[in-house]
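In case you want the letters, here they are:
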Amino acid sequence: MRSRYFSSRSLLKASIVALALSLAFADKAFAELIVIVNKDNPATAFRAADLRRIYNGGKRMFENGVVIQPANLASDNPLGKDFFISVLHIDAESYRLFWVRMIFSGKGRPPVEFETEQEAIKFVAANKGGLAFVDSPNATDAVKTVKIIFDD
Amino acid sequence: MRKGMFFAATLFLAELFLSASPAFAIDLSKISFNGYVDVEYSTADNAEGNYNSSFHMHHLSFLLDVPITDKLSTYAHVEFDHGTNIGTSSVNKTGAPVGGGDLVVENAFIRYVSSDAVQFRVGRMLTPFGYYNEIHDATPTIISFAVPRAINNMEDRGGTTMFPRWNTGVGMLGTVLLGSSTLDYIMYVGNGENPPGLNDSESDANPNKAFGARVNFQPNERMQIGASVYSGERAFQTTTIAPIQNGPHNTGGLLFALNGEKCSFLSEYAVSQEQGFTESAGYGQLTYRLLKRLSAYYRLEYSNPNQSVSDDAWVEHIAGLNFMPMNISNIVLKFELSDNIRGANNAAVTRDLIYKEARFAVTLFF
C-alpha cells in the first residue's frame, strides 16, 4: 500500500524545498581566505595573531620598516564577516566600537574600508604597505598572496 | 601708482596660490574627520541630585587626524561642552549675559611613529591615566552614561582631582610584543597643574615638570593588567589669605580587566597624595551582552576624599542598559539608575546623605 504522506514524489518535493531553503539561508562558502600584500613585500605567511595585532592597530610596521596600511571589506560583506570571526575573533559591531574608542583617544586610524575585493586588490597593488584579505580565486597577479597560519 | 600696487599685489597673490608646492599639500581623502554628540536627561529624587529634571546638551566634539607622511601626523580634538555659548550677545530679562559652557581643546598634538615600540607625541593631550581619562567625554565609546566619577571626577565627590585632565608636554609611547603577550606603555613630561587662572598649556607655575607613565600588560587577548602614575606639583594655600605655594601631588592607580565574548569585568583603584591629605577611590564594573546590540551593566564606585576624615566616603551603585537601535548604527541609547550614599562629613553633602538619580542619554558618533 502506498503511503499517503511519504510518496516518492512528496519526498522529492520536500528535498527540493529543503535544498532551496538551505541555499538561500546558508552563508556563502569561500574557497580559501588569504591575505594579499604588495608585490614588493617579502612576507610569505602571517600568523592569525599578527593579523589581529595589525587590524587592532598594535602592529603598525612590517619587519622591513614599511608602515602597514591594512584594508577591510565593508562589514556587510560576507567575506569580511568571515575574516572577523575566524581571524580577528570578534564580530563586526564590536570591532567597529573598538576602533571608535581608538579614534576618540587619538591612538590611531582604522583600516581603510572597501566595498569589494577588487577595490582592495587595487589598493594593495598601489601601496607598498598595503595588506588586505580576499577569497583565493579572486586574487590577481597585481598582488602577492600570503597564507594565513591559523591558531592551533 | 595705487593701481600699479594693486596689480602687483594681485599678481603676487596669484603666483603664491599657483606656485604652492605640492609638498605642503595634503591629500584630502587621507584626512579623517570624526566626532560625537550627546544629549542627556536626568532626574533625581531630591535636590542633592538633579531634582529639577533637566536636559543637558553635554558634548559636541570634532576630531581631525591629518597624516603628513606615513609616520608623521597631527591629531586635534575640539569640544563644545554644555551647549557652549560664550558670547555676550544673548541676554536674559535683567540684561545680564546668558550662556556658559566650555570650548576646550582636548587634544592637539603632533605624532611621530618611529616603530611599533617607539612613538612620540608633543603638544596638549588628555593625561594618559587609567582606563577612562583619554576618552572621558567620548560617551559613545563607554558603556555607561558617564565615566566613573570615582578616580576621574573626585572634585564631584567631595575631593580634589587626582591628576590633571590635560597635560602639555612630550610623550613617548609604544607597543612591545612579548610572545603572545602585549605590553603598551606611555611616559610623558609636561607642565602639570597650574593654579586657577594660569593656563598650563601656555606656561608652568613652577620650575618642576610633571611626570607620568602608564603600562598596560595583556598576557592574553582576554586579560589586561595596568598601572598608572602621575607626579607633579599643585598649588595650595594653608589659609585663604596665605600666599599660594606649590606642593607635591602624587597619584598611583591599578587596573584589572577581563573581556569575554559576552561578559566583561573592569576595575580600577587609585590613591592620590598631596599637601595635607590622601584620597583614594575605586570601582568595579560588570558588563553583560544580552543581545547583539543590547548590554546591561552594573558598577559600584567608592570614593574616599580624605583618608584622615571619618565618614566622608561616597558610594554609588549604578545599573543600566546600553542599546544600539539599528543595524550598524551610529546611535547609542543609554538608560541608568544610580543610588548615591554619602557619609555625613563628605564636603559635597548639603542636606540629604542619600539620593537616587535616573539618567537617559542619546549619543551619536561619526
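Residues numbered from 1 in each chain as written. Chains lettered and ligands numbered in written order. Predicted model: local features only at pLDDT ≥ 70, side-chain atom pairs only at ≥ 80, totals over all residues. Heavy atoms only, no water.

J.: What is the right way to look at the packing of aromatic side chains in this model?
T.: Here a ring pair, both rings aromatic, is described through the centre-centre distance and the interplanar angle of the planes. Tallied over the entire structure, the rule returns 17 aromatic pairs over all chains. Taking the centre distance of 6.1 Å and the plane angle of 50° together, the rings of Tyr132(B) and Tyr283(B) count as tilted. Here Tyr132(B) is found in the loop between strand E5 (119–126) and helix H2 (149–152), whereas its partner Tyr283(B) is found in strand E12 (residues 277–291), with 151 residues between them in sequence. Classification of Tyr132(B) as buried rests on a relative accessible area of 1%. These aromatic residues form a ring-pair network of at least three members: Phe33(B), Phe62(B), Phe80(B) and Phe366(B). The ring of Tyr131(B) has Arg101(A) lying over it, and the distance from NZ or CZ to the ring centre is 4.0 Å. (Phe/Tyr/Trp six-rings, centres within 6.5 Å; stacked < 30°, edge-to-face > 60°. Helix = DSSP H or I, 4+ residues; strand = E, 2+ residues; numbered from the N terminus. Buried < 20%, exposed > 50% of the residue type's maximum accessible area, 1.4 Å probe, protein only. Lys NZ or Arg CZ within 6 Å of the ring centre and 35° of its normal.)

J.: Would you take a moment to explain helix H2 (residues 48–55) of chain A for this structure?
T.: The α-helix advances 3.6 residues per turn, and as a result positions three or four apart in sequence lie on the same side. All names here are of chain A. Burial analysis of H2 places 8 of its 8 residues in the buried class, the great majority of the element. Residues Ala 48, Ala 49, Asp 50, Leu 51, Arg 52, Arg 53, Ile 54 and Tyr 55 constitute the buried set of H2. After H2 finishes, the residue Gly 57 shows a positive phi value of roughly 80°.

J.: What's the story with unusual backbone geometry in this structure? I'm lost.
T.: One can expect most non-glycine residues to show negative phi and most peptide bonds to be in trans. With a phi angle near 60°, His82(B) is a residue other than glycine that sits in the positive phi range. By secondary structure assignment, the location of His82(B) is in strand E3 (residues 72–85).

J.: Would you mind going over the sheet that holds strand E6 (residues 144–149) of chain A with me for this structure?
T.: The pairing of strands in a sheet comes from backbone hydrogen bonds and takes either a parallel or an antiparallel form. All names here are of chain A. In space, the 6 strands of this open sheet follow the order E2-E6-E1-E5-E3-E4, with mixed pairing throughout. The sheet is open, and its two borders are formed by strand E2 (45–47) and strand E4 (112–114), each paired with just one other strand. Along the sheet, successive strands turn relative to each other by an average axial angle of 35°, direction set aside. Pairing of strand E3 (residues 69–73) with E4, which is carried by 3 bridges, proceeds in the parallel orientation. Within E4, the residue paired with Asn 72 across the bridge is Glu 113. Strands in contact with H2 are strand E1 (33–37), E2, E3, strand E5 (130–135) and E6; relative to E2, the strand with the most contacts, it is inclined by about 80°. (Pairing = 2+ DSSP bridges. Axes fitted to C-alpha atoms, helices over the stretch in contact; angles between N-to-C directions. Contact = heavy atoms within 4.5 Å.)

J.: How should I be thinking about the interface of chain B and chain A in this particular structure?
T.: Buried accessible area, meaning the area lost when the parts come together, often serves as the stated size of an interface. Across the contact, 42 residues belong to chain B and 24 residues belong to chain A. Together, the buried faces of chain B and chain A total about 2800 Å²; carbon and sulfur atoms form 51% of this surface. Seen at the junction of chain B and chain A, the total is 4 salt bridges. Here Asp65(B) makes a salt bridge to Arg109(A), at a shortest N to O gap of 3.4 Å. Our enumeration of links across chain B and chain A arrives at 15 residue pairs in polar contact (both at pLDDT 80 or more). If you tally residues by element for the side of chain B that touches chain A, the top one is strand E1 (residues 32–44) of chain B, at 4 residues. Split by residue class, the side of chain B that touches chain A holds 16 nonpolar, 15 polar and 11 charged. (Buried area = accessible area lost by both parts, 1.4 Å probe. Salt bridge = Lys/Arg side-chain N within 4 Å of Asp/Glu carboxyl O. Polar contact = N/O pair within 3.5 Å; in protein donor to acceptor, adjacent residues only side chain to side chain. Nonpolar A, V, L, I, M, F, W, Y, C, P; charged D, E, K, R; others polar.)

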